[in-house]
Amino acid sequence: MILSRVVSCCGLSALLALCGLSCSSNNATKPDVKVAAPTGPTAGAPWFEDVAPASGIDFRHFDPATPVHYIQETLGSGLAWVDYNNDGWPDLFCVQDGPVRAGLQGEGPKAVPTNKLYRNNGDGTFTDVTVQTGLDRGGFGQGCAVGDFDNDGFDDLVVTYLGGIVLYHNRPDGISRRRFVDVTEKSGLRDPHWATSAAWGDIDGDGFLDLYVCNYVEVDMEKYTICEQKGLRYSCSPTIFPHVTHKLFRNQGNGTFADVSQSSGIAAAPPAPGLGVLICDLDGDGRADIYAANDMRPAYLFHNQGGGKFVEKGLLAGCGLGPYGGEIAGMGVEAGDVDGSGWPSLFVTNFQDAPNVLFRNKGKMFFLEQSYPSGLGFPSLRRLGFGTVFVDADLDGHLDVAVANGHVNRPAAELFGASFAQQAQFFTGDGKAKFRDATAQAGAYFQELRVGRGLAWADFDNDGLVDLAFSHNGGPIALLRNQTATKNHWLRLELIGDGKKSNRNAIGTRIEIEAGGRKQVCFLNGGGSYLSANERRLLVGLGDSAKVERVTLQWPSGLRQSFQDLAADAWWRFVEGSEQPERVKAGPAER
Amino acid sequence: MDPSAARVGDATPPSQRVWGRRRLVAGVVCAALVALVGYFIWKGQHNANLRDHALRAHLDGPFEKAEPLLKRASAALPDDVLLLKALSLGYIEESKLDDAVVYLNRWCAVEPDEAEPLRLRLELYSYIRKKDAAIADGLRLCERDPGNVKMCVRVTDLLYDVGRVADAETLLRRCLQSNRGDPGLRFLLAKACHVQGRTPEAQQLTDALVAEHPGYADGLALKAILYREANQPALAVTLLEKALTLKPDYFQARYHLSLALASVGKTKEAEREMAEVNRHRLSQELLRDSRMLPENLDLQVRAAEALLEVGATDKAVGVLEPAVKRFATAKSVHRLLATCYERQGKIALAEQHRRLGQ
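Treat the numbers as computed from the prediction; the structure is a model and nothing was measured.

Caption draft 1: How the structure looks around the overall build of chain A. Within chain A, the secondary structure is distributed over six helices and 39 strands. Over its C-alpha atoms chain A spans a radius of gyration of 23 Å, differing by no more than 12% from the 25 Å that the globule rule assigns to 591 residues. On the principal axes, the C-alpha backbone points of chain A span a range of 95 × 50 × 50 Å. Burial statistics for chain A: of 591 residues in total, 65% are counted as buried. For chain A, the share of sequence-separated contacts (at least 6 apart) that also reach a separation of at least 24 residues comes to 62%. Approximately 19500 Å² of chain A is accessible, and the part contributed by carbon and sulfur atoms is 52%. For chain A, the distance from the average site of its 53 positive side-chain charges to the average site of its 69 negative ones is 2 Å.

Here is the structure:
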């Protein structure tokens, strides 16, 4: 009797309350636990080892955490592979942030840690050359993009800050080395907002690289909104902050840039918190399109109409929203032919409890969302993804996927049932848009819990296997040397545009490789991943083909060139217009 | 000392002495037993009284006041289901969810064959984001009662949330054995095949489902998605339009309709549908943000406006009623509430808030 009265008294309301609560809750999961690392590689499977401690890369990302949990604390900073001295050994640039309040103008006090450049010594070690190259700058750094904006044959650097962007011109220092000189003011690049990822690409086909910069949100530090649950503070959603449009700067070919955000149509898109961007010809019309991932807002797909004009088509093209029309908290982006169609599919990393999203490119600017059927969706539900790259780690001729993971909220376990530090992930592809989660077999780093953010690839030791570098919020860099045991063959392509009709970096080139009766299509994209930049050279897996029958290049200028019978396991340099490629051997690194 | 001397000095015969001692011991034991029984009777009565008192206090007043009594009573009667239930539900109402879990765990242990505590714990675990634990409870419930379609669907959703789609498929197949033909379960099974990349199987299941239940909107939408994937957007358009006729607020179907229309070149129509999708998205985003920041008046107002725009009047009321308590003088809140109540047919309330909003 009393039982029934108790139930009638409070049972119904409690159950209703519970139901209501559970229906409104996010789909969170329990924190992950650290899994014992396998001790050695699995036959034929990708295997990486973190060699950062022995390499001399001692960069540690500044942890800007405060009790307030400012949103600025969450994004971390990126990294870039840049062969700044053209010695054929990719060097590593690491972006540093600082105290939130000190970094608003993009210039921090000298006492705070600075960005770092590590020169590759060619023997597995690196030397800190930050000061001698002029990159010892503090401030709240976010991302970076590598591109030869003046076509002088040396890669330059853009660094994005909370409150601005900085353009470094790579120049001789007068003693036979290189030095980066801040030419921001002279260049006319101005973005007083919270700039995140940036990408170089030639949007108007004039042979000079233009620059796209994502802006995140506007924060009024004097009226900062605090978010709190269960007495714990956490970082508020970006949707509650004002947004501004992203920026597009046209390279005027004389060292200066014009802000064409308005005239190009970029600014006509609804302002949204941008985090990842890549520039790639998505419909094969020979013009560079722009895809930008936004945090909790539809992604932009700026379709290049020619004449420097763009139309935003993300939603109707089917790559603006996630599965079933759900919002994507877009962080990192990547593009590549993962299904053998010859078209670049798009991949976007996403928030915890939402899948990383794969959009298969069906041509004519239509995309088919295939996150779950591809095998990339479900394993990502318990991760919060940031940086991502498509690489062929085992050289089987099919693109694989690596993802950096880490939550944005320190009290994630208490508030969201998620772990703040998380395992990075590695998926092997079969070339037909199906992926297998190979994280558990990919090496010890992939078993460690880290607050992953930036991710970029390079073959830093020139051994024909792609290596990975991860940045971590408030943590050290991980430099993962690829030690996959494989007899598969590879081809390294270094593309050099003519610097007149095509940009010297050859960003925007479409590459067809025919080997062993198979054809692979690759794209030299601008931007990609999250706050980070990959090395410029391409590394293509050939499976068991010891010879390449044909390489066909569609340069940004429109010139189409084919080259036959190239030896595998070699580095080939292709210069636009030259009749034969040059076989290159990595020489000694500059010391 | 000679032991025989003691025996000589004692006049009582030994047998009598032993008998006397035995009687004494027996007496003491009896008295102790009586005392013990008495104590237990008293204790039982006391505990029963304490229990009734605690439960009555719980019924008559707030849980906050009854809580110490209930805890004391439960400590005395740890297996008492009623007390465990009262404490579990009370803590849930008080949002002391960690405490609720303690008593729910005990309740589940005491009544391992009962569905109610498991069901409640499933929801609680789900809310506090211990989804694996929630799933474990859900699977036990489904095992006991595979005919419970609602529970099968609930647990399937949880399994999806954590990416255990193969387990979801297994569960669905088991549930379907007890509920052959259930369209909801058949739809979920087809969806499970689809998201695992087994398109032909998904197609077969969906075709059969739609043939038998041509008015089942979920089935139509899934079939349309499969058509889109097979590069037959025109067929998808027809099915999605039908699904939306059956279920006008089917957001996902509208999203796919928009994409299918774009694929067949009907851009204007596609844009119109996508605008609708965007309105829905924005209202959900504002609803979420308004819950996150209940002290932000502007956010409450914008959320309510967006919800009203998409016809979600009840949800708008859900935002505005707490807001009006916080911002009693905010005219915008009163005006919006008036609109909501008018739509709900609560004319007097609408009038009252309209006046306050002037």
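Next comes the rest of the description.
Caption draft 2: Inspection of the overall build of chain B at higher detail. A count of helices and strands for chain B gives 19 helices and zero strands. A compact globule built from 358 residues should have a C-alpha radius of gyration of about 21 Å, whereas chain B, at 33 Å, is more than 25% larger. Once the C-alpha set of chain B is aligned to its principal axes, its extents read approximately 125 × 60 × 35 Å. Within chain B, buried positions represent 44% of all 358 residues. Put simply, of all contacts in chain B between residues at least 6 apart along the chain, 44% involve residues at least 24 apart. In the structure as shown, chain B presents an accessible area of about 18200 Å², 54% of it carried by carbon and sulfur atoms.

Caption draft 3: Just the confidence of the model for chain B, in detail. All names here are of chain B. Taken over all residues, the pLDDT of chain B has a mean of 92, while the share at 70 or more is 97%. Here helix H1 (residues 3-9) is the element of chain B with the lowest mean pLDDT, 47, and helix H13 (residues 233-246) is the one with the highest, 98. Contacts from residues 1-8, a stretch scored under 50 in pLDDT, to residues over four places away or in other chains number zero contacts. This prediction of the complex comes with two scores: 0.90 for pTM and 0.90 for ipTM.

Caption draft 4: The arrangement of empty space enclosed by the protein in detail. Taken as a whole, this structure holds one cavity of 30 Å³ or more when the rule is applied. Roughly 190 Å³ of volume is contained in the largest cavity. Forming the walls of the largest cavity are 18 residues, and the residues nearest its centre are Glu369(A), His194(B), Ile225(B), Glu229(B) and His256(B). Of all the secondary-structure elements, those providing two or more residues to the lining of the largest cavity are strand E23 (367-369) of chain A together with helix H10 (183-195), helix H12 (217-229) and helix H14 (251-263) of chain B. The residue inventory of the lining of the largest cavity, partitioned by class, reads ten nonpolar, five polar and three charged.

Caption draft 5: Quick look at the domain arrangement of chain B. Split by domain assignment, chain B resolves into domain 1 (65-112) and domain 2 (281-358). In this structure, domain 1 of chain B and domain 2 of chain B have C-alpha centres spaced 37 Å apart.

Caption draft 6: A look at unusual backbone geometry. Residue and element names in this part refer to chain A. Even without being glycine, Asn462 reaches a positive phi, approximately 50°. Its relative accessible area of 15% is what places Asn462 among the buried residues. Backbone geometry at Ser529 places phi at a positive 55°, although glycine is not the residue there. In this structure, Ser529 sits in the loop between strand E34 (526-527) and strand E35 (538-543).

Caption draft 7: Expanded view of helix H9 (residues 165-178) of chain B. Residues and elements named next belong to chain B. The end-to-end C-alpha distance of H9, which contains 14 residues, comes to 20 Å, matching closely the 20 Å that a straight helix rising 1.5 Å per residue would cover. Inspection of H9 places Val165, Ala168, Glu169, Leu171, Leu172, Cys175 and Leu176 among the buried residues, and these make up the whole buried set. One face of H9 carries all of its buried residues, which in axial projection span an arc of 165°. Buried residues along H9 sit in contact with helix H7 (131-144), helix H8 (149-161) and H10.

Caption draft 8: Quick peek at helix H17 (residues 313-326) of chain B. Residues and elements named next belong to chain B. Given a rise of 1.5 Å per residue, 14 residues ought to cover 20 Å, and the 20 Å separating the end C-alpha atoms of H17 matches this to within 8%. Of the residues making up H17, those classed as buried are Thr313, Ala316, Val317, Val319, Leu320, Ala323 and Val324. Residues of H17 that are buried sit in contact with helix H15 (267-292), helix H16 (297-309), helix H18 (331-343) and helix H19 (347-356).

Caption draft 9: Spatial organisation of the sheet that holds strand E39 (residues 582-584) of chain A. Residues and elements named next belong to chain A. With mixed pairing, the four strands of this open sheet are ordered in space as E35-E31-E38-E39. Both outer strands of the open sheet, E35 and E39, are each paired with one neighbouring strand and no more. Taking the axes of each pair of neighbouring strands and ignoring which way they run, one obtains an average angle of 30° across the sheet.

Caption draft 10: Summary view of the packing of H17(B) against H18(B). All names here are of chain B. As a packed pair, H17 and H18 sit with axes 10 Å apart at the nearest point and diverge in direction by 140°. Crossing angle aside, the handedness with which H17 passes H18 is left-handed. For the pair formed by H17 and H18, the contact residues are Thr313, Ala316, Val317, Leu320, Glu321, Ala323 and Val324 on the first element and Val333, His334, Leu336, Leu337, Cys340, Tyr341 and Arg343 on the second. Of the residues in the contact of H17 with H18, the class split is ten nonpolar, two polar and two charged.

Caption draft 11: Representation of the packing of aromatic side chains within the structure. Counted according to the given criterion, the structure contains 30 aromatic pairs over all chains. Ring geometry for Phe149(A) versus Trp200(A): centroids 6.3 Å apart, planes at 10°, classification stacked. Here Phe149(A) is found in the loop between strand E6 (141-147) and strand E7 (156-161), whereas its partner Trp200(A) is found in strand E10 (residues 195-201), with 51 residues between them in sequence. On the basis of relative accessible area, Phe149(A) is assigned to the buried category, the value being 4%. Residue classification places Trp200(A) among the buried residues on the basis of a relative accessible area of 1%. Each ring, one from Tyr39(B) and one from Phe40(B), has its centre 5.7 Å from the other, and the planes form 65°; the classification is edge-to-face.

Caption draft 12: Structural detail: the state of the cysteines. Residue and element names in this part refer to chain A. With the rule as written, the count across this model stands at two disulfides over all chains. In this model, Cys227 is linked to Cys236 through a disulfide, with the two sulfur atoms separated by 2.1 Å. With the S-S bond torsion at 115°, the cross-link from Cys227 to Cys236 turns out right-handed. Cys227 sits in the buried class, given a relative accessible area of 1%.

About the criteria used
Residues numbered from 1 in each chain as written. Chains lettered and ligands numbered in written order. Predicted model: local features only at pLDDT ≥ 70, side-chain atom pairs only at ≥ 80, totals over all residues. Heavy atoms only, no water. Helix = DSSP H or I, 4+ residues; strand = E, 2+ residues; numbered from the N terminus. Rg over C-alpha atoms; globule rule 2.2 N^0.38 Å. Buried < 20%, exposed > 50% of the residue type's maximum accessible area, 1.4 Å probe, protein only. Contact = heavy atoms within 4.5 Å. Areas by Shrake-Rupley, 256 points an atom, 1.4 Å probe, with all protein chains shown as cover. Lys, Arg positive; Asp, Glu negative; His and termini not counted. Charge placed at Lys NZ, Arg CZ, Asp CG, Glu CD. pLDDT = per-residue confidence, 0-100. 1 Å grid on protein atoms, 1.4 Å probe; cavity = no way out; pocket = protein on both sides within 12 Å on 5 of 7 lines; lining within 4 Å. Points joined across faces, edges and corners; volume = space filled by probe spheres on them. Nonpolar A, V, L, I, M, F, W, Y, C, P; charged D, E, K, R; others polar. Domains from an automatic or database assignment. Expected span 1.5 Å × (residues − 1). Arc of directions from axis to C-beta. Pairing = 2+ DSSP bridges. Axes fitted to C-alpha atoms, helices over the stretch in contact; angles between N-to-C directions. Left-handed = near helix turned anticlockwise from the far one by under 90°. Phe/Tyr/Trp six-rings, centres within 6.5 Å; stacked < 30°, edge-to-face > 60°. Disulfide = S-S within 2.5 Å.

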